[in-house]
Amino acid sequence: MKIANKEEETSSSAQRFKVAVVQASPVVFDRERTLEKVHILSGEAAHKGARLALFPEAFVSAYPRGLDFGAVIGSRSEEGREDFRRYWESSVDVPGPAVDALSRTARSHSIYLIVGVVERDRGTLYCSVLFFAPDGLYLGKHRKVMPTASERLVWGFGDGSTMPVFATPLGRIGAVICWENYLPLMRAAMYAKGVEIYCAPTADARDSWIASVRHIAVEGRCFVLSCNQFNLRRDFPADYHSVFGDDPDSVVNRGGSCIVDPFGNFLAGPNMESEAILIAEIDRTQIVRGKFDLDVVGHYARPDIFELHVDERPKQPVITQSSETGGALEEIDD
């Protein structure tokens, strides 16, 4: 696995290119088979001319839709603890073998690869997005800062240290996950970093989500790539005890993935029918055309009235002080 030491410089030569959002289902709780599926679908996207492929939230290896993990206020069941153990076992170490495999996928297909994963760090799981360059370089990650509702039961909270926007020859690429996009201050922070390809992996298939990503595209004058899973009941294990019943053909998540331009126009999707790879051509000159009359962190910002302070320092849960360090504080990290 190669690690990026600095951001790539943006080239003005790449004004038009194709991108892909991959609307599919993982092999739930099976990390290795899901990684194989990422490899195959990334190859299909690259074969269709895409230079960037986005996969959904928590794709490797599951968004645990419908599970309650045996928890009610004041009590947790043994069956729920076993569900969590299985979820933890299928999650991803960063860095680790799964990251190496995704790096190889990006390199073999010469594509920017952006993948939602369930990351494990010690005993805690995080909903994260990993970024890879076409040469296989691991660029970095974003950890979801605000899990929603029952997600907070199984996912930890990211801090401000993993909200990157990467300068690449295709433009400035960043990711905001699902209902993080309803944090207006987080959106403002991303706009201030100049995000141009705004990746929004999600688990939300509501009509209101489609309206939201169109709004974000207009507000940020950026291209928004919204990517959701499409799941049938058969995509989950037979012993997956949830509210969805046992009909293998019942739709668990209808998708709704789409690609939107800086004026709110659909370039692809929304698709709510099946697994699909949605392809669209990006014309980066549309970004500047849009900034002519709306730049929310520029001429439209009114900093004399409004200010936003963003703390991007990593936060460690344990800091020790010992005689061996001369009384200095020492942060405990991986």
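Residues numbered from 1 in each chain as written. Predicted model: local features only at pLDDT ≥ 70, side-chain atom pairs only at ≥ 80, totals over all residues. Heavy atoms only, no water.

Draft legend 1. Representation of unusual backbone geometry. Note that the residue after Val 94, namely Pro 95, is joined by a cis bond; omega there is 0 degrees. Relative to the helices and strands, Pro 95 resides in the loop between helix H2 (78–89) and helix H3 (97–109). Here Gly 269 and Pro 270 are connected by a cis peptide whose omega angle stands at 0 degrees. Summarising the element assignment, Pro 270 is placed in strand E16 (residues 266–271). (Helix = DSSP H or I, 4+ residues; strand = E, 2+ residues; numbered from the N terminus.)

Draft legend 2. Main features of helix H1 (residues 31–47). Helix length check: H1 (17 residues) gives 24 Å between terminal C-alpha atoms against 24 Å at 1.5 Å per residue, within 8%. Contact partners of the buried residues in H1: strand E2 (16–23), strand E3 (50–54), H3, strand E6 (112–121) and strand E17 (276–283). Directly after H1, the chain includes Gly 49, whose backbone phi takes a positive value near 100 degrees. (Expected span 1.5 Å × (residues − 1). Contact = heavy atoms within 4.5 Å.)

Draft legend 3. Quick look at the pairing of strand E11 (residues 197–201). Burial analysis of E11 places five of its five residues in the buried class, which makes it a mostly covered element. Bridging between strand E10 (residues 171–175) and E11 involves three bridges; their strand directions are parallel. Each bridged residue has a counterpart across the sheet, and for Gly 174 the counterpart in E11 is Tyr 198. For the segment spanning E10, helix H5 (residues 184–192) and E11, crossover handedness is right-handed. Where E11 and strand E12 (residues 223–227) come together, five bridges link them in parallel fashion. Paired with Tyr 198 across the strands is Val 224, a residue of E12. Crossover handedness for the path E11 to helix H6 (residues 207–220) to E12: right-handed. (Buried < 20%, exposed > 50% of the residue type's maximum accessible area, 1.4 Å probe, protein only. Pairing = 2+ DSSP bridges. Right-handed = clockwise from strand over helix to strand, strands pointing away.)

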